[in-house]
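# Tertiary structure, described
Here are the chains, one letter per residue:
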Amino acid sequence: MHSPDLILLNARIVTMDPVWPTAQALAVSGGRVAALGSDADIRALAGKATRVVDAGGRMVLPGLQDTHIHLQDSGQDYSQNAVLSEARTPDELVDILVAFAAKQATPWITGVGWYSGVFSADNLDRALLDRAVPDRPCMIVASDGHNACLNSLAVAATGLQDAADPQNGHFVRDGQGRATGMVYEEAVAWVEARMPELTDDSFVAGITWGAGLANRHGITGVLDARVKERHVRIYNRMAAEDALTVRVGSTALVNAFDKTSEAVERLSDFRAGAQNDMFKVHSAKFFFDGVVENGTAAMIAPYSDTGLNAPVMFETAQIAEMFTAFDAARFQIHVHCIGDMAVRAALDGMEAARRSNCAWPSDHQIAHIQFIDPADVGRFRPLGVMANVQPLWARHESSVDDVAVPAAGNERSQWMYAFRSLLDTGAGMALSSDWGVSTLNPFEIMETAVTRQPPKAEGSIPPFLPEQRISRIEALRGYTTMAARAAWRSFDTGSLGIGKYADLIVIDRDFLTCDAYDIGDTRVLLTLLGGQEVWRVDDF
């Protein structure tokens, strides 16, 4: 072989490849792993131009992949808008908005990231936002993206007061029919369509910022979980300009008002036009319900606290028709499901597609799975369906203890985030963040998957359903080999086997043996994408 471009020495490499599970050193040629072995073996391959990286005895892992993220939207949101994630009282929220608005000359003031475990229609409305921003329209979106609030000038600017609810959306009104400013689900998109349009450059800047954050956390690949024409256009631009520092796969949105044939044609055009190795469209995204916090999660039985319920956002016959058509066109299907009824409807649709089209390695995915009926746990593996889960949410906190558990009741709450139960049936499982709903840091997320507890800095808090804990190697698979499978990148990524892309990270501790409550403190010292440095700490 020719002299490698780079060799990595003095490492404890966990390849996640069963053929060669561990190594001390590796060589990179043409962006791919060319050799694995001992320091002596790999050092002997080096030429005069070979770059040498000494890992200092530290652990090396494959680059991590987050297969449910909103990179383009959240990158723009969190880099260019008021960030409200630290607010825990109405006054704190107002203070953040006032300080942000004072520095902005924009026609609208926008904020992102408020916590729906604390704020709701009970304590958040147009009057509160009028206090913060009295002179311009203002809209703030919750971290989950399913709820937003407008001030009075924004209500007037959009014509919301006199508008009918959009399909699968809702404008909250008081007893006199007056809009409170709170909007749910598709009503958020309805408002955004009536706001000043952002430039492509603002989203390019957001992607660059978000990808940099991902690299700092050891992430080399993502799946953007809700793309439309604008997303595809901008990702294609950045891929053509060699401006992406993470590999981007994507799931293109399908709406309940779409005609099946037109939706398949639209996504087929997206897929055909996204052929760069750094950006691909490979799956169809469906929202089957909303979230528990605003009562839009679809449950098999009514909510225990209110007696109300929410429907699945697609009709049963429509699900079977659409899933069968997208499956036949060889798209992966990726479904947002919070409630147990949404999960069942997705499984039923995937079963209908398999009956019509026969089995193929689609790895269709159901994302979130906050609630699942025990009768549906064993259906994933036989149908070849993967669970795509966000373990950070599986812990005692306000959104769980004060909202979800009362809504579901004690019996159903035993089936919240049932990761262990799903894995024990042989179901495939990818771990992800849903950023910007919550942190992008995969080590914090993997710690919670293993402990089912908040970080130790938050105090001694009991585990939430500890019987649903998973092992750290299962968590690591969820961010490497299983994530690569979920993103249809297993041939090139997910492990450090010979011939795979040299997407790798050097970390400051032994992930497999350190105290479980220290996993979340892991620092990524170096991130390589195709053998090229995209992140390095100053002291490494």
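All of the points below concern the structure found in this document. Just so it is clear, the structure is predicted and the values come from calculations on it, not from any experiment. (Residues numbered from 1 in each chain as written. Predicted model: local features only at pLDDT ≥ 70, side-chain atom pairs only at ≥ 80, totals over all residues. Heavy atoms only, no water.)

### Quick notes on the nonpolar core
Among the nonpolar cores identified, the biggest contains 114 residues, and F286, F288, F326, I366 and F380 are the most heavily contacted of them. For this core, the leading source of residues is helix α11 (residues 340-357), giving seven residues. Leave out the neighbours within four places in its chain, and F286 touches V254, F314, M322, F323, F326, I333, H334, V335 and H336. Core analysis: the second largest hydrophobic core is formed by 23 residues, F100, A101, A132 and V133 among them. (Core = buried A, V, L, I, M, F, W, Y, C linked by side-chain atoms within 4.5 Å. Buried < 20%, exposed > 50% of the residue type's maximum accessible area, 1.4 Å probe, protein only. Helix = DSSP H or I, 4+ residues; strand = E, 2+ residues; numbered from the N terminus. Contact = heavy atoms within 4.5 Å.)

### Re the pattern of salt bridges
Scanning the entire structure with this criterion turns up 26 salt bridges. One salt bridge in this structure joins R32 and D492, with 2.8 Å as the shortest N-O distance. With R32 in strand β5 (residues 32-37) and D492 in the loop between α18 (481-486) and β22 (504-507), the pair connects residues that are 460 residues apart, well separated along the chain. We note a salt bridge from R136 to D135, for which the minimum N-O separation is 3.7 Å. Look at D135 and you get exposed, because its relative accessible area is 54%. (Salt bridge = Lys/Arg side-chain N within 4 Å of Asp/Glu carboxyl O.)

### Brief notes about the environment of L153
For L153, the position within the fold is in helix α5 (residues 152-158). Since its relative accessible area comes to 37%, L153 is described here as partly exposed. Spatially, the C-alpha atom of L153 lies 8.9 Å from that of R126, the residues being 27 residues apart in sequence.

### Describing the layout of surface pockets
Volume-wise, the second largest pocket comes out at about 900 Å³. Along the walls of the second largest pocket sit 37 residues, with S143, L392, V437, S438 and T439 positioned nearest its centre. Sorting the residues of the lining of the second largest pocket by element identifies α7 (200-216) and α14 (398-413) as the ones contributing at least two each. Across the lining of the second largest pocket, the residue classes break down as 14 nonpolar, 14 polar and nine charged. (1 Å grid on protein atoms, 1.4 Å probe; cavity = no way out; pocket = protein on both sides within 12 Å on 5 of 7 lines; lining within 4 Å. Points joined across faces, edges and corners; volume = space filled by probe spheres on them. Nonpolar A, V, L, I, M, F, W, Y, C, P; charged D, E, K, R; others polar.)

### What about the sheet that holds strand β9 (residues 82-83)?
As summarised here, the arrangement of the six strands in space is β9-β10-β11-β12-β14-β13, forming an open sheet in which the pairing is mixed. At either end of the open sheet lies a strand with only one pairing partner, and these are β9 and β13 (169-173). Relative to strand β14 (residues 179-185), β13 runs antiparallel, the two sharing four bridges. Residue pairing in the sheet places H170 in a bridge with Y184 of β14. Against the sheet, helix α3 (residues 90-101) contacts β9, β10 (109-114) and β11 (138-142), and its axis sits at roughly 140 degrees relative to β10. (Pairing = 2+ DSSP bridges. Axes fitted to C-alpha atoms, helices over the stretch in contact; angles between N-to-C directions.)

### A word on the side chain of D289
As for its position among the elements, D289 is in the loop between β17 (279-287) and α10 (316-328). As a buried residue without a salt bridge, D289 has its nearest oppositely charged side chain in K285, at a separation of 9.9 Å. One polar contact links the side chain of D289 to the main-chain amide nitrogen of I338, over a distance of 3.0 Å. Setting aside residues no more than four positions away along its own chain, D289 makes contact with H146, T296, A297, A298, M313, H336, C337, I338, G339 and A342. (Lys, Arg positive; Asp, Glu negative; His and termini not counted. Polar contact = N/O pair within 3.5 Å; in protein donor to acceptor, adjacent residues only side chain to side chain.)

### Some words on the packing of aromatic side chains
Under the definition given, this model contains 15 aromatic pairs. Ring geometry for W360 and W488: centres 6.0 Å apart, planes at 70 degrees, overall edge-to-face. In this pair, W360 is assigned in the loop between α11 and β19 (365-368) and W488 in the loop between α18 and β22, connecting sequence segments 128 residues apart. We classify W488 as partly exposed; its relative accessible area is 33%. Here a set of aromatic residues connected by ring pairs shows up, and it is made of F286, F288, F314, F323, F326 and F331. (Phe/Tyr/Trp six-rings, centres within 6.5 Å; stacked < 30°, edge-to-face > 60°.)

These figures capture arrangement, not role.
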